[in-house]
Each structure stands twice: as structure tokens, then as C-alpha cells.
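Structural features, examined
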Amino acid sequence: RHAEARDALVSALADPDDELLRNVLLGLWKLGDEDTPVRPLLDLLVQHHDPDVRANAALALATVLRPATEPQARDALLVA
């Protein structure tokens, strides 16, 4: 069930609704699943127009990063 919840939340990251994205990112933060794909979170962190979405992407990212994904995130984190 945990993987199903994660996958549903990750698929919702493509939704254009800012309020939904803020809540989806908080859901990913609460799950803290290291199998969460990092790239969509990094894209939102760096490129999204809404500061609350970016902040929630940072929260989610902080819980899902692991040593293997840190190098991938380094440049995006510096830009953010």
C-alpha cells in the first residue's frame, strides 16, 4: 500500500494546480520513501513559479535523498 500511495502522489506531480501540488509534496514528505523519484522534485524546486510549491518540494526532497541521489541533486540545490 505504501508504494501505491507513493506512486499516486508522484503521478500527481504533473498536475498544474498549485494547491494540489503543495499538498502532494507534503504527502511525499510525510511518506519519506527513498524510492521516490528525485528528478520531479528537483524540477519543481528549481522551476516552479509558486514559492510554497518550491518550499514543499525542498521538504519532500530532504526526506527522500540518499547518498546515491545526492550528486544528482547537488546542482539543482545550488541553483535553488
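Let me sum up the structure you'll find in this document. (Residues numbered from 1 in each chain as written. Predicted model: local features only at pLDDT ≥ 70, side-chain atom pairs only at ≥ 80, totals over all residues. Heavy atoms only, no water.)

Quick look at the side chain of Asp18
Threshold: Going along the chain from the N terminus, every DSSP run of H or I of four or more residues is numbered as a helix, and every run of E of two or more is numbered as a strand. Think of it in three bands: with a 1.4 Å probe and only protein chains considered, a residue is buried below 20% of the maximum accessible area for its type, exposed above 50%, and partly exposed in between. Within this scheme the basic residues Lys and Arg register as positive and the acidic residues Asp and Glu register as negative, but His and the chain ends are omitted. Whenever Lys or Arg places a side-chain nitrogen within 4 Å of a carboxyl oxygen from Asp or Glu, that contact is recorded as a salt bridge.
With respect to the secondary-structure elements, Asp18 resides in helix 2 (residues 18–31). With no salt bridge to any partner, buried Asp18 finds its closest opposite charge in Arg22, at an N-O distance of 4.8 Å.

Let's talk about helix 2
Using the following cut-off: A helix is expected to reach a length of 1.5 Å times the quantity of its residues less one. Here the arc refers to the set of directions running from the helix axis out to each C-beta atom. Residue contacts follow a heavy-atom distance rule, with two residues in contact if any of their heavy atoms lie within 4.5 Å. Under this definition, polar contacts are N or O atom pairs within 3.5 Å; protein pairs additionally need one hydrogen-donor-capable and one acceptor-capable atom, and for neighbouring residues in sequence, both atoms have to be side-chain atoms.
Look at helix 2: 20 Å from first C-alpha to last across 14 residues, which is about the 20 Å you get at 1.5 Å a residue. Here helix 2 has its buried residues at Asp18, Leu21, Val24, Leu25 and Leu28. Along the long axis of helix 2, the arc covered by the buried residues comes to 120 degrees, so they all point the same way. Away from the buried face of helix 2 by more than 90 degrees, exposed residues Glu19 and Lys30 are located. Tucked into the core, helix 2 has its buried residues touching helix 1 (2–11), helix 3 (38–47) and helix 4 (51–64). Two or three places before Glu19, at the opening of helix 2, Asp17 has a side-chain oxygen 2.9 Å from that residue's backbone nitrogen. Downstream of helix 2 by a residue or two, Gly32 has a phi angle that is positive, lying close to 60 degrees.

Re the pattern of salt bridges
Inspection of every chain in the model, using the stated rule, returns 4 salt bridges. Ionic pairing is found between Arg6 and Asp7, a salt bridge with its closest N-O pair at 3.1 Å. Assessed through its relative accessible area of 11%, Arg6 is described here as buried. Salt-bridge contacts for Arg22 lead to Asp50; the nearest nitrogen and oxygen are separated by 3.1 Å. Of this pair, Arg22 sits in helix 2 while Asp50 sits in the loop between helix 3 and helix 4; the two residues are 28 residues apart in sequence, bridging distant segments of the chain. For Arg22, a relative accessible area of 23% translates into the label partly exposed. Given the relative accessible area of 13%, Asp50 is considered buried. Look at the salt bridges and you will find they share partners, linking Arg6, Asp7 and Asp33 into a network.

Topic: the packing of helix 1 against helix 2
Heads up, the condition is: Whenever a helix is involved, its axis is fitted only over the stretch in contact; in every case the axis is a line through C-alpha atoms, and angles between N-to-C directions fall within 0 to 180 degrees. Note that the term roughly parallel is reserved for angles under 35 degrees, roughly antiparallel for angles over 145, roughly perpendicular for angles of 65 to 115, and oblique for everything else. The sense of a crossing depends on the near helix, which, turned anticlockwise from the far helix by less than a right angle, makes the crossing left-handed and, turned clockwise, makes it right-handed. Classification used: nonpolar for Ala, Val, Leu, Ile, Met, Phe, Trp, Tyr, Cys and Pro, charged for Asp, Glu, Lys and Arg, polar for all others including Gly.
Contact geometry for helix 1 and helix 2: axes closest at 9 Å, N-to-C directions at 150 degrees. With respect to helix 2, the element helix 1 is oriented roughly antiparallel. The element helix 1 and its partner helix 2 pack so that their crossing is left-handed. When helix 1 is examined against helix 2, the residues His2, Ala5, Arg6, Leu9 and Val10 are found in contact with a partner set consisting of Val24, Gly27, Leu28 and Leu31. Its residues assigned to classes, the contact of helix 1 with helix 2 comprises 6 nonpolar, 2 polar and 1 charged.

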